[in-house]
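The lines below spell out each chain.
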Amino acid sequence: MKIKTLIFTGIILLAIFLRFYKLGVNPPALDWDEASLGYNAYSLLKTGKDEFGRSWPISIRSFEDYKPALYTYLTIPSIYFLGLNEFSVRLPSALFGVLTVVCTYFLTKELFMKKEKLTLLCTFFLAISPWHLQFSRVAFESNIAVFFVVAGLACFFKGLNKSIWLVASSILLAISFYAYHSPRLVVPLIMFGYAVYYRHILWEKRIAVFMAIVLASILLIPFVREVFGEGRARLASVTVLTPQGTLDESIKLLETDIKYNDSWGKLLHNRRIIYFFEVAKGYLNHFNLDFLFLTGDAPDRHHARDMGMLYIWEAPFILVGILFLLKSKHRERFPVIWWYLIAPTASAITTGTPHAVRALLYLPTYQIFTALGMLATYSYLKSFMYQRIGNFIKVSVFVVIMINAIFYLDSYYTHTPIESAKDWLYGYKEAVMEIRKYEESVSKIIFTYAYDQPHVFVLFYDQIDPTYYQKQVEGVTVMRAERSFGKFEFRRIDLVKDSQLSNVLFVGTPNEIPEGEAGIVKNILFPDGSVAFRIVKR
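A.B. asks: Would you mind going over the overall build of the protein chain with me for this structure?
C.D. replies: Helix and strand counts for the protein chain come out as 26 helices and eight strands. Taking the principal axes of its C-alpha atoms as reference, the protein chain extends roughly 80 × 65 × 50 Å. A burial count over the protein chain gives 53% of its 538 residues as buried. Here the analysis covers contacts within the protein chain between residues at least 6 apart in sequence; of these, 73% occur between residues at least 24 apart. Total accessible area computed for the protein chain in this model is approximately 24800 Å², and 64% of it derives from carbon and sulfur atoms. Put simply, the protein chain has 56 plus and 45 minus side-chain charges, and the middle of one group is 11 Å from the middle of the other.

Next up, the structure:
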């Protein structure tokens with residue numbers, strides 16, 4: 001067996017270990033999106049319908065955000081064989097995370113004309129990437145989308161030599177539209193640039209290109225129908241391209257401009273200018289160094305504690321790699337730089353930027369830059385230094401990488417489960433388990449909505465019969481913060497107003513149920529010892 005085969009095998013085994021080790025227990029809890037994906041997969045498995053009774057939908061209604069349904073369908077087999085639990089829900093993400101690492105090897109092999117050192121380094125860096133590991137270990141649809149995009153682009157570059165792979169590329173890229181929202185903008189923009197850049201090669205292969213376009217168009221027919229229907233709900237809920245909020249200040253300023261006949265003001269406060277600056281701001285936010293290397297984005301669910309999305313040691317190599325590629329005259333310069341520039345566009349038009357989930361399609365461009373920068377730096381230093389000094393530099397870089405990797409692993413497995421447990425909605429499972437002890441002895445269970453979406457955890461952990469739940473919500477207008485089924489009522493708790501209720505179990509936050517309140521039967525604690533929920537029986 002060749003040494004490169006051994007190295008590649010070792011990288012893949014490492015990728016498997018890092019993505020599957022303690023997968024069911026760390027992150028320390030399911031968040032509401034994971035629970036929703038899992039329960040909808042369970043519902044489809046049992047009834048062929050989602051939780052709202054829609055048969056085999058293209059998107060999952062969930063919390064009125066209409067998630068792309070592919071992840072849910074991919075979860076059905078693992079739930080069938082392993083049951084409805086944390087591991088089975090996260091299994092597809094971990095599996096496709098490993099497959100993305102494999103595809104990165106073949107992608108870079110095609111891009112860089114089989115430069116084995118570079119290809120193996122890129123693959124290794126993605127295998128240990130904090131950004132990719134974070135989303136390979138949770139049930140996030142974006143991680144599945146990255147696989148289909150990376151695999152699709154690997155097939156595209158291979159198709160520049162062998163036409164049939166262009167057809168395979170079109171299939172994979174079309175499927176990515178059903179995996180997550182970001183590819184729906186990012187993929188067309190990437191492919192537009194590639195079509196222009198490789199136009200002469202693609203014209204020579206026009207029959208295969210035509211077949212690929214026709215096949216992709218057929219596959220996307222259900223998607224197009226959805227875009228003009230339910231699919232608009234998600235975009236409307238997160239985009240900055242809506243008047244509400246984005247234009248409030250602009251409208252006031254524009255009224256003043258009209259009043260005083262200020263021509264420049266009317267131009268500058270025009271909604272198109274405002275939208276442009278909002279999108280530009282969102283786009284540039286993704287190049288924020290704090291986001292990339294120090295703190296990550298706002299939710300702790302998106303990164304390990306005290307970590308950015310990338311290792312800090314990658315920063316100088318990324319810079320060198322970008323500069324090296326920009327100066328390069330090789331054919332791989334444009335496709336990598338273009339991909340990198342387009343990757344955050346879908347996230348840029350949304351609120352809450354920078355956003356690690358919506359910009360996940362950056363990967364593996366950062367790993368490519370890191371590998372290029374590292375090899376270019378070593379080559380430069382090697383050219384005028386003694387071998388002994390060169391070896392010292394290699395050992396020093398290795399030590400720095402290991403220290404940062406150990407810091408990351410310690411943060412991820414030791415500190416994050418404790419310090420970020422609140423962000424992971426820890427306590428819902430424990431609360432549901434405790435509720436079971438009293439469910440038969442009370443007539444009503446009032447579960448607080450303070451942490452949002454409590455009903456989905458009851459559905460998930462109690463494995464509520466999907467047929468029963470579908471009947472409960474059939475023809476009913478579902479209010480986000482006021483839901484109910486069976487004995488359960490989900491809303492904010494006010495013990496003063498609820499004082500007249502009896503034979504009731506309250507599950508509330510410490511703010512809603514103060515310490516010392518009569519009837520407390522259980523305190524559900526976060527891992528750091530603070531109270532997540534208090535359970536009161538009256």
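Once the structure has been displayed, the description carries forward.
A.B. asks: Whenever I open this one, the packing of aromatic side chains confuses me. Can you help?
C.D. replies: What describes a pair of aromatic rings is the distance from one ring centre to the other and the angle between the planes of the rings. As enumerated under the stated definition, the model contains 54 aromatic pairs in all. Aromatic side chains Tyr 428 and Phe 533 sit 5.2 Å apart centroid to centroid with 55° between the ring planes, which places their arrangement in the tilted category. Residue Tyr 428 is found in helix α24 (residues 428-435), and its partner Phe 533 is found in strand β8 (residues 531-537); the two are separated by 105 residues along the sequence. With respect to class, Tyr 428 is no different from Phe 533; both count as buried. When the centroid spacing of 5.7 Å and the interplanar angle of 90° are considered together, the rings of Phe 447 and Phe 533 count as edge-to-face. Of this pair, Phe 447 sits in strand β3 (residues 444-447) while Phe 533 sits in strand β8; the two residues are 86 residues apart in sequence, bridging distant segments of the chain. You can call Phe 447 buried: its relative accessible area is 0%. One aromatic cluster is present, formed by Tyr 39, Tyr 42, Tyr 428, Phe 447, Tyr 451, Phe 457, Tyr 469, Phe 485, Phe 488, Phe 490 and Phe 533 through successive ring pairs.

A.B. asks: Before we go on, may I ask you to explain the layout of surface pockets in this structure?
C.D. replies: In this approach the atoms are scanned with a rolling probe the size of a water molecule, which exposes any empty space left behind. Volume-wise, the largest pocket comes out at about 740 Å³. In this structure, the largest pocket is lined by 24 residues; those nearest its centre are Lys 117, Leu 121, Met 374, Leu 375 and Lys 394. At the level of secondary structure, the elements contributing two or more residues to the lining of the largest pocket comprise α1 (3-20), α5 (116-127), α22 (365-382) and α23 (387-419).

A.B. asks: What is the right way to read the pairing of β3 from this model?
C.D. replies: The two faces of a sheet get side chains in turn, since along a regular strand they alternate between them. Relative to strand β6 (residues 504-508), β3 runs parallel, the two sharing four bridges. By the bridge assignment, Ile 446 is partnered in β6 with Phe 506. Strand direction decides the pairing type here: β3 and strand β5 (residues 488-490), joined by three bridges, are parallel. Within β5, the residue paired with Ile 446 across the bridge is Glu 489.

A.B. asks: Looking at this structure, how should I read the packing of helix α2 (residues 32-47) against helix α25 (residues 454-461)?
C.D. replies: In a packed pair of helices, the relevant descriptors are the angle between the two axes and the axis-to-axis distance. Relative to each other, α2 and α25 sit at 45°, their axes nearing to 9 Å. It follows that α2 is oblique to α25 by the angle criterion. Every pair of crossing elements has a handedness; the one defined by α2 and α25 is left-handed. Residues Trp 32, Ala 35, Ser 36, Gly 38 and Tyr 39 of α2 form the contact with α25, whose own contacting residues are Val 456, Phe 457, Leu 459 and Phe 460. Of the residues in the contact of α2 with α25, the class split is seven nonpolar, two polar and no charged.

A.B. asks: How should the packing of α24 against α25 be read in this particular structure?
C.D. replies: Packing of α24 against α25 brings their axes to within 10 Å, and their N-to-C directions diverge by 65°. Here α24 runs over α25; the crossing is right-handed. Contacts between α24 and α25 involve Tyr 428, Lys 429, Val 432 and Met 433 from the first element and Pro 454, Phe 457, Val 458 and Tyr 461 from the second. Along the lines of polarity and charge, the residues of the contact of α24 with α25 split into seven nonpolar, no polar and one charged.

A.B. asks: I would appreciate a short explanation of the nonpolar core in the present structure.
C.D. replies: Most often, soluble globular proteins keep nonpolar side chains buried together rather than apart. Core analysis: the largest hydrophobic core is formed by 146 residues, its most contacted members being Trp 131, Phe 135, Leu 153, Phe 157, Tyr 366, Phe 369 and Phe 447. The element best represented in this core is helix α7 (residues 141-159), accounting for 13 residues. Residue contacts for Phe 135: discarding those within four places in its chain leaves Ser 93, Phe 140, Asn 143, His 302, Met 309, Ala 356, Val 357 and Leu 360. Core analysis: the second largest hydrophobic core is formed by seven residues, Ile 446, Ile 493, Leu 495 and Val 536 among them.

A.B. asks: For this particular structure, what's the right way to read empty space enclosed by the protein?
C.D. replies: This model, assessed by the stated rule, comprises two cavities of 30 Å³ or more. In this structure, the largest cavity spans a volume of roughly 40 Å³. Lining of the largest cavity is provided by Leu 18, Leu 133, Arg 137, Tyr 408, Leu 409, Tyr 412 and Tyr 413. Of all the elements, α23 adds the most residues to the lining of the largest cavity, at four residues. Tallied by class, residues from the lining of the largest cavity come to six nonpolar, no polar and one charged. In this structure, the second largest cavity encloses a volume near 30 Å³. Pro 130, Trp 131, Gln 134, His 302, His 303, Ala 304, Met 307, Gly 308, Met 309 and Tyr 408 are the residues that line the second largest cavity. Among the elements that make up the lining of the second largest cavity, the one with the highest residue count is helix α6 (residues 130-136) (three residues). Classifying every residue of the lining of the second largest cavity by side-chain character gives six nonpolar, four polar and no charged.

A.B. asks: It is not clear to me how the sheet that holds β3 should be interpreted in this structure. Could you clarify?
C.D. replies: Strand order in this open sheet of six strands is β4-β5-β3-β6-β8-β7, and the pairing throughout is mixed. The open sheet has two edge strands, β4 (483-485) and β7 (520-525), and neither has a second partner. Strand-to-strand twist of the sheet, defined as the mean angle between neighbouring strand axes without regard to direction, takes the value 15°.

A.B. asks: Even after reading the chapter, I still don't get the side chain of Glu 116, so can you show me in this structure?
C.D. replies: Inspection of the secondary structure puts Glu 116 in helix α5. When neighbours within four sequence positions are excluded, Glu 116 is seen to be in contact with Lys 4, Tyr 105 and Lys 109.

A.B. asks: When you look at unusual backbone geometry in this model, what are you seeing that I'm missing?
C.D. replies: For residues other than glycine, phi is negative in most cases, and the peptide bonds are mostly trans. Cis geometry marks the peptide bond from Asn 26 to Pro 27; its omega dihedral reads 10°. Here Pro 27 shows up in the loop between α1 and α2. At Tyr 66, a position not held by glycine, the phi torsion is positive, near 45°. Assignment of secondary structure puts Tyr 66 in the loop between β1 (59-60) and β2 (67-68). Although it is not a glycine, Asp 306 adopts a positive phi angle of roughly 60°.

Cut-offs and rules
- Residues numbered from 1 in each chain as written.
- Predicted model: local features only at pLDDT ≥ 70, side-chain atom pairs only at ≥ 80, totals over all residues.
- Heavy atoms only, no water.
- Helix = DSSP H or I, 4+ residues; strand = E, 2+ residues; numbered from the N terminus.
- Buried < 20%, exposed > 50% of the residue type's maximum accessible area, 1.4 Å probe, protein only.
- Contact = heavy atoms within 4.5 Å.
- Areas by Shrake-Rupley, 256 points an atom, 1.4 Å probe, with all protein chains shown as cover.
- Lys, Arg positive; Asp, Glu negative; His and termini not counted.
- Charge placed at Lys NZ, Arg CZ, Asp CG, Glu CD.
- Phe/Tyr/Trp six-rings, centres within 6.5 Å; stacked < 30°, edge-to-face > 60°.
- 1 Å grid on protein atoms, 1.4 Å probe; cavity = no way out; pocket = protein on both sides within 12 Å on 5 of 7 lines; lining within 4 Å.
- Points joined across faces, edges and corners; volume = space filled by probe spheres on them.
- Pairing = 2+ DSSP bridges.
- Axes fitted to C-alpha atoms, helices over the stretch in contact; angles between N-to-C directions.
- Parallel < 35°, antiparallel > 145°, perpendicular 65-115°, else oblique.
- Left-handed = near helix turned anticlockwise from the far one by under 90°.
- Nonpolar A, V, L, I, M, F, W, Y, C, P; charged D, E, K, R; others polar.
- Core = buried A, V, L, I, M, F, W, Y, C linked by side-chain atoms within 4.5 Å.

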